[in-house]
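So the chains spell out like this:
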Amino acid sequence: RPFHVEPTNIVSVNDDMQRVTDEASAMNKRIHYYSRLTSPADRALIAPDHVLPAPDEIYVYSPLGTAFKVDSCTDGYGKNSSLVTIFMIWNTMMGTSILSIPWGIKQAGFTSGIILILLMGILTLYCCYRVVKSRQMIPLTDTSNWEFPDVCKYYFGSFGQWSSLLFSMVSLVGAMVVYWVLMSNFLFNTGKFIYNFAHDINVTDIVPGTNGSNKVICPSAASDHPPQNRTVMFSSGNRTGFELFEEWWDKSKTVPFYLIAVLLPLLNLKSPSFFAKFNVLGTVSVVYLVFLVTVKAAHLGIHLEFNWFTENEFFVPEFRILFPQLTGVLTLAFFIHNCVITLLQNNKNQENNVRDLSIAYFLVGLTYLYVGVIIFASFPSPPLSKECIEQNFLDNFPSDDIMSFVARIFLLFQMMTVYPLLGYLARVQLLRQFFGNAYPSLFHVLVLNLAIVGAGVAMARFYPNIGGIIRYSGATCGLAFVFVYPSLIYMISLHRAGQLTWPALIIHIFIILLGLANLIAQFLL
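About the thresholds
Residues numbered from 1 in each chain as written. Predicted model: local features only at pLDDT ≥ 70, side-chain atom pairs only at ≥ 80, totals over all residues. Heavy atoms only, no water. UniProt positions renumbered as here; feature names shortened; annotations may be inferred. Phe/Tyr/Trp six-rings, centres within 6.5 Å; stacked < 30°, edge-to-face > 60°. Helix = DSSP H or I, 4+ residues; strand = E, 2+ residues; numbered from the N terminus. Buried < 20%, exposed > 50% of the residue type's maximum accessible area, 1.4 Å probe, protein only. Lys NZ or Arg CZ within 6 Å of the ring centre and 35° of its normal. Core = buried A, V, L, I, M, F, W, Y, C linked by side-chain atoms within 4.5 Å. Contact = heavy atoms within 4.5 Å. Salt bridge = Lys/Arg side-chain N within 4 Å of Asp/Glu carboxyl O.

- With an unreviewed UniProt entry as reference, the chain is termed Neutral amino acid transporter 9, source organism Loxia leucoptera.
- Its UniProt record gives the chain a comment under Sequence similarities (unreviewed entry), which states: "Belongs to the amino acid/polyamine transporter 2 family. SLC38A9 subfamily."

Focus: the packing of aromatic side chains
Moving on, step 1. This structure, assessed with the given rule, holds 22 aromatic pairs.
Moving on, step 2. With centroids separated by 6.0 Å and ring planes inclined at 40°, the aromatic side chains of Tyr288 and Phe410 adopt a geometry described as tilted. Taken together, the residues span a long stretch of sequence, with Tyr288 in helix α8 (residues 281-300) and Phe410 in helix α12 (residues 402-435) at a distance of 122 residues.
Moving on, step 3. What makes Tyr288 buried here is its relative accessible area of 16%.
Moving on, step 4. The exposure class of Phe410 is partly exposed, given its relative accessible area of 26%.
Moving on, step 5. One aromatic cluster is present, formed by Trp146, Phe148, Tyr154, Tyr155, Phe156, Phe335, Phe481 and Tyr485 through successive ring pairs.
Moving on, step 6. Between the NZ or CZ atom of Lys386 and the centre of the ring of Phe376, over which it lies, the distance is 4.9 Å.

Here's the deal with the nonpolar core
Moving on, step 1. Counting residues in hydrophobic clusters, the biggest one holds 135 residues, and the most contacted among them are Met183, Phe393 and Tyr419.
Moving on, step 2. Here this core gets 20 residues from one element, more than from any other, and that element is helix α5 (residues 148-198).
Moving on, step 3. For Phe393, the contacting residues outside a window of four places in its chain are Ile98, Leu99, Pro102, Leu289, Leu292, Val293, Val371 and Ile375.

Some details on the pattern of salt bridges
Moving on, step 1. Under the definition given, this model contains 4 salt bridges.
Moving on, step 2. Two residues, Asp401 and Lys296, come together in a salt bridge whose shortest N-O distance is 2.6 Å. Taken together, the residues span a long stretch of sequence, with Asp401 in the loop between α11 (353-378) and α12 and Lys296 in helix α8 at a distance of 105 residues.
Moving on, step 3. Overall, the relative accessible area of 8% leaves Asp401 in the buried class.
Moving on, step 4. Overall, the relative accessible area of 3% leaves Lys296 in the buried class.
Moving on, step 5. One salt bridge in this structure joins Arg320 and Glu387, with 2.8 Å as the shortest N-O distance. With Arg320 in the loop between α8 and α9 (324-333) and Glu387 in the loop between α11 and α12, this pair connects stretches of sequence that are 67 residues apart.

Shown next, in the form of C-alpha cells:
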C-alpha cells in the first residue's frame with residue numbers, strides 16, 4: 001500500500017528525515033573519529049568496530065591514558081561545544097612529559113626554561129595551526145575523512161605515507177618504552193612501601209636528603225655509596241627475609257621482567273577495548289599531580305637564587321648549554337599534530353577553531369609551567385643541589401612518602417590499563433600496512449609484541465631515563481609532524497596558488513632548520 005503524506009505534514013516529515021540524516025552523518029563522523037586516531041604516539045586510541053559508542057557517547061583518549069565520555073555537552077548531532085573541544089585538546093596533550101618538565105627546566109636553567117616553554121608552546125601552536133589549514137588548501141571536494149597523514153600522502157605520495165607511518169611508530173613505541181620504565185619504577189616503589197609497612201621495617205639509606213615529615217631525597221647520589229651503607233631497623237621478622245626480598249625485588253634487574261607476565265598476554269588480545277573503561281584515571285592522575293605539587297611546595301617553601309652564568313654548590317645558572325634537552329621534551333609535550341584535525345572537526349562552531357586551539361595550548365603550557373616551576377623553585381636548596389632533580393620528579397620523594405605512594409598507585413594502574421591499548425594501536429598501524437589485517441595471526445602479533453616488550457625491558461634494565469627517551473622520540477617524530485611536513489605543505493600550497501613570498505619562504509625554512517637542529521642537538525648534549 002502506497003505511503004501517503006498529507007500536505008500539512010510534509011514540512012514535519014522532511015524535518016524528521018533531515019534530522020535522521022544529520023544523526024547518521026554525525027554517527028559516521030564519530031565512528032571516523034575513532035578509526036582515524038590510530039597514528040599519534042599515545043595521543044589517541046581506537047575503538048574497535050564491535051564496541052562503537054552509542055550516538056550520545058564520545059570518548060577521548062590522552063597520552064596519560066585518560067578517557068572521558070561526553071554526552072551532556074553535545075548538541076545531539078555529534079558536535080561539541082568550544083568548552084568540550086578545549087578540554088579534549090588539553091586532555092589529549094597532557095602526558096608523561098609532565099613528570100620530566102622540572103628536570104628539563106633544571107637542564108636549561110630556570111629563566112631560560114620558562115622562556116623555552118613559552119616559545120615552544122607558541123611555535124608548536126603555529127605549526128599545529130598550519131596542520132589544521134593544510135587540509136583546507138587541498139582542491140578536492142571531500143577531504144572530511146582525512147587526517148594529517150592523509151594530507152602527507154596527498155602531497156608526497158608513497159614517501160609521505162610510509163614516512164608518516166615511520167615517525168608515528170617512533171613516537172608510539174617511544175611512549176610504550178617510557179610507560180614500561182615508569183611502570184617498573186612505580187611497581188618497585190609500591191612493592192617496597194607495602195613490604196616495609198607490612199613487616200614494620202624502617203630502612204635508612206645513606207642518600208642525601210632533608211629531614212622532617214616532608215623529606216626530599218637525591219637518588220642520583222646513591223650510586224656513590226655501596227648498598228650496604230644503610231641502617232635497617234626490624235620490629236618484626238628477620239634480616240634474612242629482608243635481604244631475600246631486596247635480591248628478588250630490584251628496580252632494574254627483576255621488576256621490569258615481572259611485568260612481562262602481566263602485560264604480554266594482554267597485548268595479544270584481539271580487542272583491548274575493556275581497558276578503556278579505566279582510563280579516566282589519567283585525568284585523575286594529572287589533577288592529583290598538580291595537587292601533590294601544590295601541597296609539597298606549601299610545606300617546602302621557595303628556594304631560588306639567581307646566578308646567570310655561573311654554577312655553585314646548590315644552584316644552577318639561569319642559562320645552560322643543555323637547553324636542547326628541554327626542547328626535545330617539549331616537542332613531545334606539545335605534540336598533537338597528527339590528530340588535531342579530527343579533534344577540531346567535531347567542534348560545533350568551526351569559526352572558533354583557531355581560538356579554541358589557542359586556548360587549549362595556553363592551558364597546556366600553563367599546566368607544564370606550574371608543575372615545572374613549582375617543583376624547581378620549591379626543591380630544598382640548600383641542603384640539596386638543584387642538580388638532584390630527577391627525570392621523574394616523583395623519584396625525589398622516598399618510597400614511604402604517603403602522597404607519592406598514592407600518586408604511584410594511580411599512575412601504575414592507569415598505565416597498566418592503557419598499555420594494551422597502545423600496543424593495539426601499534427599493531428593496527430604496522431600490521432595493517434603490511435598484511436592488510438590488524439590481526440593476521442597470533443604468531444605475527446606475538447612477534448611484534450615481543451619486540452615492543454623487549455625494547456621496554458631493555459630500556460628499563462639498562463637506560464631507565466624517561467627524560468632521555470622522551471626527548472629523543474619527541475625530537476624525532478616532531479621533526480616530521482611538527483616542523484617539516486606542516487611547513488613544506490604550506491609552502492607547496494602557496495607555490496601552486498602563485499602566492500608564495502620570500503618572507504613566508506624564509507620563515508618556514510627557518511622553522512624546518514629549527515626542527516633539524518633540535519633533533520641533532522639531542523645526540524650532541
